[in-house]
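Observations on the three-dimensional arrangement
Listed here are the chains, written in short residue letters.
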Amino acid sequence: MAHDTRRLAELAGHDAFIQRHNGPRAEDIARMLETLGVDGVDSLIEQTVPAAIRLDRELDLDPPKSEAEALDYLKRLARQNKVHKTYIGQGYYNTHLPAVIQRNVLENPGWYTAYTPYQPEIAQGRLEGLLNFQQTVMDLTGMELANASLLDEATAAAEGMALCKRANKKAKSNAFFVADDVLPQTLDVVRTRAYYFGFELIVAPAAELADHDVFGALLQYPGQSGEIHDLAPLLAAAKAKGIMTCVAADLMSLVLLTEPGALGADIVVGNTQRFGVPMGFGGPHAAYFATTDKLKRSIPGRIIGVSRDARGNQALRMAMQTREQHIRREKATSNICTAQALLANIAGFYAVYHGAEGLRTIATRIHRLTTILAEALARKGIALAHDSWFDTLRLTGVDAGKIHGRAMTHEVNLRYFADGDVGVSLDETTTAHDLDVLFDVLMGEEHGFSVTALDEAVAEGGISGIPAACRRESDFLTHPNFRRYRSETEMLRYLKRLENKDLSLTHAMIPLGSCTMKLNATSEMVPITWPEFANIHPFAPKDQTAGYLQMIDELAAFLVEITGYEHISMQPNSGAQGEYAGLVAIRRYQAAQGQGHRDVCLIPSSAHGTNPASAAMAHMKVVVVECDADGNIDLADLRAKAEQHGDVLSAIMLTYPSTHGVFEEGVREACEIVHQHGGQVYIDGANMNAQVGLARPGDFGGDVSHLNLHKTFCIPHGGGGPGMGPIGVKAHLAPYVSNHVVTPLPGVEADCGAVSAAAFGSASILPISWAYIKMMGARGLRQATELAILNANYIAKRLGEHYPVLYRGRNGTVAHECIIDIRPLKEASGISEEDIAKRLMDYGFHAPTMSFPVPGTLMVEPTESESLYEIDRFCDAMISIRDEIARVESGEWPADNNPLVQAPHTQADLMDGHWERPYSRELGAFPSEAVKAGKYWPAVNRVDNVHGDRHLICTCPSINEYRD
Amino acid sequence: MSNIPANLRYTDSHEWVLDNGDGTVTLGITDHAQQALGDVVFVELPEVGRGLDAGEEFGVIESVKAASDLYAPLAGEVIEANEALEDAPETVNESPYEDGWIAKLKLADAGALEGLLDAEAYAKLADAE
């Protein structure tokens, strides 16, 4: 071999990650271009992306770093965070994530790369995990129904307020009561929402609830400084006055406290973070939302229900999808889409692993330690603000300065109230030794107490901080799932068994259009469980979070360069929340300009349903702009509607490239029309993966966009969350983005309320996006976009010979996704897009997006991460399915008995002695060579949606079912 | 082809109205509407005693693929709701004009019935969709 003359700079492999992330090899690219008849990637991009919006330079980002270099750099940033012993509380607590769950779920791509379980046959594992979560919440809260998580406690409380208004039709009042000991960040978010819903907020002591004429009320249980109210008389008085009640309850405390459901609460919400999910500087964690049975049809978010499959076997699915925003649009119960599935699964597994017995030990330990501390303080003559507690004490009349000094010495974080009081919240991780240190911090080293002696006194003396009337008497977690998996071996196998039921990116490409299921690289995921990122309280002092703040600043600077905006607000926890935050920023800006009356939001008919749902939440009137026959915004209609609503036009929400997967030529003009009429332009960033490095929304007319970091920037979908939806804004909107009441942000107006509980949303997953950009650099990111477009066009070309492809741009190209029209086939053969989706499972694939944005179609998005091998495998499957449809069309197979309508095929089908089908078992279950080489089995047959929605069951199935 | 009885009146939002001849009407959704919705899984019924304006939303009907609002065809007071639908929402699919009725109203103005579509006009509207 010839001597290699490459220099070290090249051999060092700084850019080695680019070809790890991007799937196609050089020879793949050449073959795809040849198939398309295009002479180069540049020509394809020129044909696809309108010249008028194309960025004429490379993005100005640092050169790429290798995986090792990026992790090394990030580790140095992480070390600037200080992990002090934290007793701040306020809704966030230290927790022990059981290692078996950490390694097999949180750090396992089999769990974190799956998508929202819209295809239940290939998602039974996480559906069962989420059902465990719902059961845990229902049992602990004493409610009849719980959803499968919301984004955080504060937004859950805001959803609770909205549900009270929707459901309490008899109440004439437009006011909502919030107890004055609700968590400050919850009040902040509820205030923002209430303002745009047009509700008056009354903040007063909980005891005064029944004195007010309100439609609903929010109470905290225990209160934010630790006090436990006896809810029974409060809730009874509210009920007597026709007030609906929402209780924000700490899940761990409910192990020992009377469950709010037994006391008459209509809604119970809270955080499940302390069930094994690290604090992560604010998130992600799963909030819970539980209601009475009466409210089941109005519950926001996703709910897992029990149904049956085509063989009559039990099967799980997401229930009542029709209330979601993609169907109900501005009339939806909420704009919530992404939730916190991965974190809900973890919290559910935490409950499964510990069971009722384990949780009682943990909660009792927390309470014991707190009571010992209270006893010592009492003996020392230090006053407490209240004489009831679960895990939190508020010391009053103390020298906070002195305590603070000693706390700093011992690297201990406490909560310091504005009035000089000091708060202490204990948790699962607190030990007797920690308590010794706390004694020193709170009372000085000469206190003379021994934890062991006090423990004796408290245990023997029956001393408790929980009032007798508030002690829990009912059982919980009695279902076998919470008893069977208490040894690590059983737990390990349970987790693996569930994982194996689900199809994730570890099996095959997930070609979901609009979802951008790209690689979630392992090295991007590694930092999120580093203690320096995981174990930081969102309200920790700033000097302990310097590493986080720098990482967030750097990520914001990357995103500014990528989008062409001038400021990034990192607060929104999902795309939908980003939309809401962006529209609220527009409304605040317009109000400040004396234009607060502008309230019309133009939305193209092709928009995703979250757009109108978010606009409705921002109190805007939705006016629909029509699309032309090619699926583009009808500019004449836009002009007419902008003119018609000129004086009251607030904004337009458009998606680019459009939801139809096309780079619309007229986008710049559309933005100009809206600007001319005094409106602002919101560009939905869901399809940003087609633009990075090629075009910037901030350049072609956008005033604000959200970025789905869980799509374009590699945060995994987690089986239905977490997500992050930061917004980029132009300078004029920057003062009006979300602030935060506990940790105020620089440059944002003080009265701009929060949209989520933590200042930086789900901060602990931001290193994923940071690492992606850092390792790709400008060239890598541009190539990723180009290859996403190349892959999509290659698929459109190959499948276009067998199925009609809807909506192409000029020159017949598509953007990063393409829509395959199944309607003519359905007309001819009776085979539907759903049959094809289910049949793809037999070929080992997840279906493309069904019936969005056009009913009766499939939308395919390959992303840049898929290789030609995998894309060809998918195309071959689709083409083979087309041949199968032809055999139905020709009458060879009956319309009601063929491999499509019988799909997916399970092991139960193969074992069935009665195979009365006109095709072989082999064709049913092993339709391709690839599948013969390695088969993924759907766990159940086709799930019966109708049965599930008519007979709504959202609890773990009864013991009898297990005996079958 | 959907069934459109000649003795009923209709709205362009696909409700049917039966004149009971005593100042009250029975209403439901049309055969065309139930076909378009597919398998109905839930009907949110109006509260008895509630006063409705013409065109006011009074409930929701849900299938596995859609959720549609129900609109009051005429002004009046709800005097009865079909509680059988709570346990058997599929009745709306099986018998849209009889057992699948949704509510009965006492009309504010019996004459307003004349303003609704007749079978012929509704057939045209349903055809056009």
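Since this is a predicted model, take the numbers as computed values, not measurements.

**Quick notes on the overall build of chain B**
Of the regular secondary structure elements, chain B holds 4 helices and 9 strands. Beginning at the N terminus, the succession of helices and strands in chain B can be written as β-β-β-α-β-β-β-β-β-α-α-β-α. A compact globule built from 129 residues would reach a C-alpha radius of gyration of about 14 Å, and chain B, at 13 Å, matches this within 12%. Along the longest, intermediate and shortest principal axes, the C-alpha atoms of chain B span 35 × 30 × 20 Å. Expressed as a percentage of the 129 residues in chain B, the buried residues total 43%. For chain B, the share of sequence-separated contacts (at least 6 apart) that also reach a separation of at least 24 residues comes to 65%.

**Focus: the overall build of chain A**
Helix and strand content of chain A: 34 helices and 26 strands. When burial is assessed residue by residue, chain A has 61% of its 964 residues classed as buried. Restricting to contacts in chain A with at least 6 residues of sequence separation, those with at least 24 account for 79%.

**Some remarks on the UniProt feature "modified residue: N6-lipoyllysine" (unreviewed entry) in chain B**
All names here are of chain B. Annotation from UniProt places "modified residue: N6-lipoyllysine" (unreviewed entry) at Lys-65. Position of Lys-65 among the secondary structure elements: in the loop between strand S6 (57–63) and strand S7 (67–71). The exposure class assigned to Lys-65 is partly exposed, which follows from the 16 C-beta atoms found within 10 Å.

**Some words on the UniProt feature "domain: Glycine cleavage system P-protein N-terminal" (unreviewed entry) in chain A**
Look at the UniProt record and you will see "domain: Glycine cleavage system P-protein N-terminal" (unreviewed entry) annotated at residues 19–442 and 480–734 of chain A. In residues 480–734 of chain A, the share of helix is 34% and the share of strand is 13%. The end C-alpha atoms are 52 Å apart.

**Considerations on the sheet that holds strand S8 (residues 76–81) of chain B**
Residues and elements named next belong to chain B. Here 6 strands make up an open sheet; going across it, the order is S1-S2-S3-S9-S8-S5 and the pairing antiparallel. Looking at which strands have only one partner, the edges of the open sheet turn out to be strand S1 (9–10) and strand S5 (51–52). In terms of strand pairing, S1 meets strand S2 (residues 15–19) through 2 bridges, oriented antiparallel. Within the sheet, the bridge partner assigned to Arg-9 lies in S2 and is Val-17.

**Considerations on the UniProt feature "modified residue: N6-(pyridoxal phosphate)lysine" (unreviewed entry) in chain A**
Residues and elements named next belong to chain A. In the numbering used here, UniProt assigns the feature "modified residue: N6-(pyridoxal phosphate)lysine" (unreviewed entry) to Lys-711. Inspection of the secondary structure puts Lys-711 in the loop between strand S21 (704–707) and strand S22 (727–729). For Lys-711, a count of 24 C-beta atoms within 10 Å corresponds to the buried category. When sequence neighbours within four positions are dropped, the list of residues in contact with Lys-711 reads Cys-515, Thr-516, Ala-686 and Asn-689.

**So, the packing of helix H3 (residues 26–36) of chain A against helix H26 (residues 766–800) of chain A**
Residues and elements named next belong to chain A. Remark: H3 packs on H26, axes separated minimally by 10 Å, with the N-to-C direction vectors making an angle of 45 degrees. It follows from the interaxial angle that H3 and H26 lie oblique. Of the two elements, H3 crosses H26, and the hand of that crossing is left-handed. On H26, the residues that touch Ile-29, Met-32, Thr-35 and Leu-36 of H3 are Leu-790, Asn-793, Tyr-794 and Lys-797.

**Focus on the packing of helix H14 (residues 341–380) of chain A against helix H17 (residues 451–461) of chain A**
Residue and element names in this part refer to chain A. At a minimum axis separation of 9 Å, H14 and H17 run at an interaxial angle of 100 degrees. The orientation of H14 relative to H17 falls into the category roughly perpendicular. On the side of H14, the interface is formed by Arg-368, Thr-371, Ile-372, Glu-375 and Ala-376, while H17 contributes Val-451, Leu-454, Asp-455, Ala-457 and Val-458. Residues of the contact of H14 with H17, tallied by class, amount to 6 nonpolar, 1 polar and 3 charged.

**Quick notes on the interface of chain A and chain B**
Counting residues at the interface gives 9 residues for chain A and 12 residues for chain B. Listed by contribution, the elements that provide at least two residues to the side of chain A that touches chain B are helix H13 (325–328) and helix H33 (945–950) of chain A. Looking at the side of chain A that touches chain B, the element that brings in the most residues is H33 of chain A, giving 4 residues. Considering only residue class, the side of chain A that touches chain B consists of 2 nonpolar, 2 polar and 5 charged.

**Quick notes on the sheet that holds S21 of chain A**
All names here are of chain A. Taking strand neighbours across the sheet as the criterion, the 7 strands line up as S16-S22-S21-S20-S19-S17-S18 in an open arrangement whose pairing is mixed. In the strand order of this sheet, the two ends are held by strand S16 (567–569) and strand S18 (621–625), each with one partner. Across this sheet, the average inter-strand angle for adjacent strands is 25 degrees, counted without regard to direction. Of the pairings in the sheet, the one linking S16 to S22 comprises 3 bridges and is antiparallel in character. Each residue of the ladder has a partner; that of Ile-568, found in S22, is Gly-728. Contacts from helix H22 (residues 575–592) reach S16, strand S19 (649–655), strand S20 (680–685), S21 and S22, with the element oriented near 160 degrees to S21. Packing of helix H24 (residues 635–644) onto the sheet brings it into contact with strand S17 (600–604), S18 and S19, and relative to S18 it is tilted by some 150 degrees.

**Quick word on the environment of Gly-51 of chain B**
Residue and element names in this part refer to chain B. Considering the arrangement of structural elements, one finds Gly-51 in strand S5. The partly exposed category is assigned to Gly-51, around which 13 C-beta atoms lie within 10 Å. For the pair formed by Gly-51 and Ala-108, sequence separation is 57 residues and the distance between their alpha carbons is 9.3 Å.

**A short note on the confidence of the model for chain B**
For residues with low pLDDT, the predicted coordinates do not support detailed interpretation. Scored by pLDDT, chain B comes out at a mean of 91, with 99% of its residues at no less than 70. The ipTM value of the predicted complex is 0.82, and its pTM value is 0.96.

**Things to note about the pairing of strand S7 (residues 267–271) of chain A**
All names here are of chain A. With 5 of 5 residues buried, S7 lies mostly within the body of the structure. Burial along S7 is two-sided: Ile-267, Val-269 and Asn-271 facing one way and Val-268 and Gly-270 facing the other are all buried. In this structure, S7 lies alongside strand S8 (residues 287–291), joined through 5 bridges in antiparallel fashion. Each bridged residue has a counterpart across the sheet, and for Gly-270 the counterpart in S8 is Tyr-288.

**A short note on unusual backbone geometry**
All names here are of chain A. The peptide bond linking Tyr-221 to Pro-222 adopts the cis configuration, its omega dihedral lying at -15 degrees. Assignment of secondary structure puts Pro-222 in the loop between strand S5 (216–221) and helix H11 (231–240). Backbone torsion omega between Ala-903 and Pro-904 reads -5 degrees, so that peptide bond is classified as cis. The residue Pro-904 is located in the loop between helix H29 (868–889) and helix H30 (907–911) in this model. Despite not being glycine, Glu-411 has its phi angle at roughly 55 degrees, a positive value. Within the secondary structure, Glu-411 sits in the loop between helix H15 (400–409) and strand S13 (412–413).

**Focus on the environment of Gly-564 of chain A**
Residue and element names in this part refer to chain A. For Gly-564, the position within the fold is in the loop between helix H21 (546–563) and S16. In this structure the C-alpha to C-alpha distance between Gly-564 and Lys-730, which are 166 residues apart in sequence, comes to 8.4 Å. Those residues in contact with Gly-564 that sit more than four places away from it in its chain are Arg-696, Pro-697, Gly-698 and Asp-699.

**Considerations on H22 of chain A**
Residues and elements named next belong to chain A. Its 18 residues give H22 an end-to-end C-alpha distance of 26 Å, which sits within 8% of 26 Å, the value for a rise of 1.5 Å per residue. Burial runs high along H22: 16 of the 18 residues are buried. Downstream of H22 by a residue or two, Gly-594 has a phi angle that is positive, lying close to 75 degrees.

**A closer look at helix H18 (residues 488–501) of chain A**
All names here are of chain A. If you check H18, its first and last C-alpha atoms are 20 Å apart, about what 14 residues at 1.5 Å a residue would give, namely 20 Å. Regarding H18, the residues found buried are Tyr-494, Leu-495, Leu-498 and Glu-499. Viewed along the axis of H18, the buried residues span an arc of 130 degrees, placing them on a single side of the element. Those residues of H18 that are exposed and angled more than 90 degrees off the buried face are Thr-489, Arg-493 and Arg-497. Where H18 is buried, its residues contact helix H6 (99–106), helix H7 (109–112), helix H8 (124–141) and H14.

**Brief notes about the environment of Thr-11 of chain B**
All names here are of chain B. Tracing the chain through its elements places Thr-11 in the loop between S1 and S2. Considering only alpha carbons, one finds Thr-11 and Asn-82, 71 residues apart in sequence, at a separation of 20 Å. When neighbours within four sequence positions are excluded, Thr-11 is seen to be in contact with Tyr-71, Pro-73, Leu-116 and Leu-117.

Calculation criteria
- Residues numbered from 1 in each chain as written.
- Chains lettered and ligands numbered in written order.
- Predicted model: local features only at pLDDT ≥ 70, side-chain atom pairs only at ≥ 80, totals over all residues.
- Helix = DSSP H or I, 4+ residues; strand = E, 2+ residues; numbered from the N terminus.
- Rg over C-alpha atoms; globule rule 2.2 N^0.38 Å.
- Buried ≥ 20, exposed ≤ 12 C-beta atoms within 10 Å, placed from the backbone.
- Contact = placed C-beta atoms within 7 Å.
- UniProt positions renumbered as here; feature names shortened; annotations may be inferred.
- Pairing = 2+ DSSP bridges.
- Axes fitted to C-alpha atoms, helices over the stretch in contact; angles between N-to-C directions.
- Parallel < 35°, antiparallel > 145°, perpendicular 65-115°, else oblique.
- Left-handed = near helix turned anticlockwise from the far one by under 90°.
- Nonpolar A, V, L, I, M, F, W, Y, C, P; charged D, E, K, R; others polar.
- pLDDT = per-residue confidence, 0-100.
- Expected span 1.5 Å × (residues − 1).
- Arc of directions from axis to C-beta.

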